[in-house]
Amino acid sequence: MASSGCDQNINNLPDGILQEIFSYLHVEDRKTAALVCRLWEKEAFSARLLANVLLRIFHTNCPIKLKVLQNSTRKYRNVRICDNHRCEDTFEFIVAVLDKFGTTIEGFTINGPHTTAQLKVFANMIPYLKRLKIFVMFSGTRQNELPVLGMLHEMHVTFSSQEDLDVLRIAPNVQRLSLINYGHNIRVYEVLELRANQLRSLDLYISDLYSIDKLRFEKLEVLKLRLLLSNEFESHRLHNLFKGLRELKAAHLGFSISESTLAVLCSSCPKLNTLEIRAKNLTVDSFKYLNKLKNLQVFMVKDLDMRLLAQSDPVNAIKALHFDADYVENVEFVDKLYKVFPNVSSMEITNIHTEGFTTFRHICRKFIQLTKLTIIGEPLIEAIEKYNPLDNLGNVEELRFVETSTFGTAISPNRVKRLILDVLQKNKYLCINRYFPHLKHLEVRRRWKLSPEDIAMVHRKFPNCVVDYVLTNVLRAE
């Protein structure tokens, strides 16, 4: 064929095409591509592709790291500085990092305590900050001296004294807020009152409810509460709070609730889609209130036992069920579980014990609509070798193991098409095809990296399977 005279060089692609190609690569692969030439370095780590990349900097060998970072042409948008030892030169190190990247940073996290006076310096160097996570331990400046960051809409603050809450004044437009405090919380509610009408997400780790029932979160969609209800009066405050959350879509309650609290929650929050509770204090027929939530899809429950399931009516709306396996002891429990949650298609089981695997297969067979299953628990290693629960997984097509390092020895027929492994011994993963003959997609996360030889062998073992090695999009500067 005669040449068309067109330049076929890959670097002459139309604008944006090369960047689009790099967008499909993992950050580690983009680092390799960036070594080819300056153009590929620029495109592989453009401002758009850095949106989901976190630069994590460990506070060691600071002079060497600063020299490397100061020579970088990348405009990082998310930076985390890890310093849990409060080194004396930490402040100067952070200032140097912000002097380099401050004008492009949108997400900033500092591990380790800092004063409000230091925060003032940091904030003045990050004018376009949108997300901030910080531990404020010592107050050192007045509230009216803190800068105002109008673009800051997400804050995660751990604080030790009431005065430290003044840091929230730098974010007048905050919409997602997380507050962690282990002392008295009187001023928490005073500050929240100023932002209540604009918050869409609130995460509180506090010791008491105080006056939370007086607040009105008219736009709140996500609520996460971690506290200790000390008396019925505090439960009454909680009831009044729920009555004002008409827009709430997700509630995560990290404490045991009563039947009356569940009843108020279910009747007051009609848009609730996700619910997480501790069921220790619920009565035998408390789950009947769940049927009032027509939009409820995800139910996460701890302390679930036979007592709660025995007299409950079916809750047909729930499609995803997360529960701990402390009470999964026999087939009868599984039968009752299916009776109450018959339409579950996704399930996550945590804290599973070795003995619990005797009913594992029964769960898969009983829940005929179950196609996605996640198992979490250190005893998996021993249990899989002893009970081989991979045999006959019903209709499960996606299986995820967390804290699993090996498999059994028997061949296990099942229908699993997608397998996700958070941990797996390197010398074991090549035998996976024996256990999952219908596998179409294998995803391996964390811990170790596949070499080119490993990748070639995996593809020979799985000729019809897509294999992904997944790492968090984190670049480390150690």
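You'll find the structure just up there.
Not measured: the values here are computed from a predicted model.

So, how was this worked out
Residues numbered from 1 in each chain as written. Predicted model: local features only at pLDDT ≥ 70, side-chain atom pairs only at ≥ 80, totals over all residues. Heavy atoms only, no water. Helix = DSSP H or I, 4+ residues; strand = E, 2+ residues; numbered from the N terminus. Buried < 20%, exposed > 50% of the residue type's maximum accessible area, 1.4 Å probe, protein only. Contact = heavy atoms within 4.5 Å. Areas by Shrake-Rupley, 256 points an atom, 1.4 Å probe, with all protein chains shown as cover. Core = buried A, V, L, I, M, F, W, Y, C linked by side-chain atoms within 4.5 Å. Pairing = 2+ DSSP bridges. Right-handed = clockwise from strand over helix to strand, strands pointing away. Salt bridge = Lys/Arg side-chain N within 4 Å of Asp/Glu carboxyl O. Axes fitted to C-alpha atoms, helices over the stretch in contact; angles between N-to-C directions. Parallel < 35°, antiparallel > 145°, perpendicular 65-115°, else oblique. Left-handed = near helix turned anticlockwise from the far one by under 90°. Nonpolar A, V, L, I, M, F, W, Y, C, P; charged D, E, K, R; others polar.

Draft legend 1. How the structure looks around the overall build of the protein chain. Scanning the protein chain from terminus to terminus reveals 15 helices and 19 strands. Considering the protein chain as a whole, with its 478 residues, one finds that 50% of them fall into the buried category. Taking the contacts inside the protein chain whose residues are at least 6 apart along the sequence as the reference set, 55% of them involve residues at least 24 apart. Here the protein chain has roughly 23000 Å² of accessible surface; of this, 50% comes from carbon and sulfur atoms.

Draft legend 2. Just the nonpolar core, in detail. Grouped together as the largest cluster of nonpolar side chains are 131 residues, with contacts concentrated most on F108 and F341. When residues in this core are grouped by element, the largest group, six residues, is from helix α5 (residues 90–101). In this structure, F108 is in contact with V79, I81, I94, L98, I126, L129, R131, L132 and K133, ignoring residues within four places of it in sequence.

Draft legend 3. Seen up close, the environment of T371. Counting through the fold element by element, T371 comes out in the loop between α12 (360–366) and β14 (372–376). In this structure, T371 is in contact with S345, N395, V396, E397 and E398, ignoring residues within four places of it in sequence.

Draft legend 4. Structural view of the environment of L241. Mapped onto the secondary structure, L241 falls in helix α8 (residues 232–242). The class for L241 is buried, based on a relative accessible area of 2%. In this structure the C-alpha to C-alpha distance between L241 and I212, which are 29 residues apart in sequence, comes to 6.7 Å. Not counting the four nearest positions on each side in its chain, L241 is found in contact with I212, D213, F217, L223 and L225.

Draft legend 5. Fine view of the pairing of strand β10 (residues 274–278). Inspection of the sheet shows strand β9 (residues 250–256) paired to β10 by four bridges, in the parallel sense. Bridge pairing links A250 to T274 in β10. Handedness of the β-α-β unit built from β9, helix α9 (residues 259–268) and β10 comes out right-handed. In this sheet, strand β11 (residues 298–302) lies alongside β10 in parallel orientation, the contact comprising five bridges. When the sheet's bridge partners are listed, R278 is paired in β11 with K302.

Draft legend 6. Molecular detail of unusual backbone geometry. In this structure, D303 is a non-glycine residue whose phi angle is positive, near 65 degrees. Position of D303 among the secondary structure elements: in the loop between β11 and α10 (306–310).

Draft legend 7. Geometry of the environment of R200. In this structure, R200 sits in the loop between α7 (186–195) and β7 (201–205). On the accessibility criterion, R200 (35% relative accessible area) is partly exposed. With 25 residues separating them along the chain, R200 and Q175 place their C-alpha atoms 5.3 Å apart. Here R200 is in contact with Q175, K219, L220, E221 and V222, once residues within four sequence places are set aside.

Draft legend 8. Examining the pattern of salt bridges more closely. For the structure on display, the rule yields 13 salt bridges. The closest approach of N and O atoms between E106 and R77, which form a salt bridge, is 3.1 Å. Of the two residues, E106 sits in the loop between α5 and β3 (107–114) while R77 sits in the loop between α4 (62–70) and β2 (78–82), which places them 29 residues apart along the sequence. For the salt bridge of K271 with E247, the shortest nitrogen-to-oxygen distance reads 2.7 Å. Of this pair, K271 sits in the loop between α9 and β10 while E247 is found in the loop between α8 and β9, placing the two residues 24 residues apart along the sequence. Judged by relative accessible area, E247 falls into the partly exposed class, the value being 30%. Through salt bridges with shared partners, a single ionic network connects K372, E398 and R418.

Draft legend 9. Just the packing of α5 against helix α6 (residues 116–124), in detail. Following both chains from N to C, one finds α5 and α6 inclined at 15 degrees, their axes separated by 10 Å at the closest point. In terms of axis orientation, α5 runs roughly parallel to α6. As for the relative orientation of α5 and α6, their crossing is right-handed in sense. Here F91, I94, V95 and L98 of α5 lie close against α6, whose contacting residues are Q118, V121 and F122. A class-by-class count of the residues in the contact of α5 with α6 yields six nonpolar, one polar and no charged.

Draft legend 10. The pairing of strand β4 (residues 131–136), seen in detail. Going residue by residue along β4, you find L132, I134 and V136 tucked away on one face and R131, K133 and F135 left uncovered on the opposite face. In terms of strand pairing, β3 meets β4 through five bridges, oriented parallel. Pairing of F108 across the sheet is with L132, part of β4. Chirality of the crossover, the property in question, places the unit of β3, α6 and β4 among those that are right-handed. Two strands pair when backbone bridges link them, and β4 and strand β5 (residues 154–159) are joined in this way by six bridges, in the parallel orientation. Residue I134 lies in a different strand from β5, and its bridge partner there is V157.

Draft legend 11. Representation of the packing of α4 against α5. Where α4 meets α5, the closest approach of the two axes is 10 Å, and the angle between their N-to-C directions is 5 degrees. By the criterion of interaxial angle, the relationship of α4 to α5 is roughly parallel. Two secondary-structure elements touch here, α4 through C62, L66, L69 and Q70 and α5 through F93, A96, V97, K100 and F101. Class assignment of the residues belonging to the contact of α4 with α5 gives a composition of seven nonpolar, one polar and one charged.

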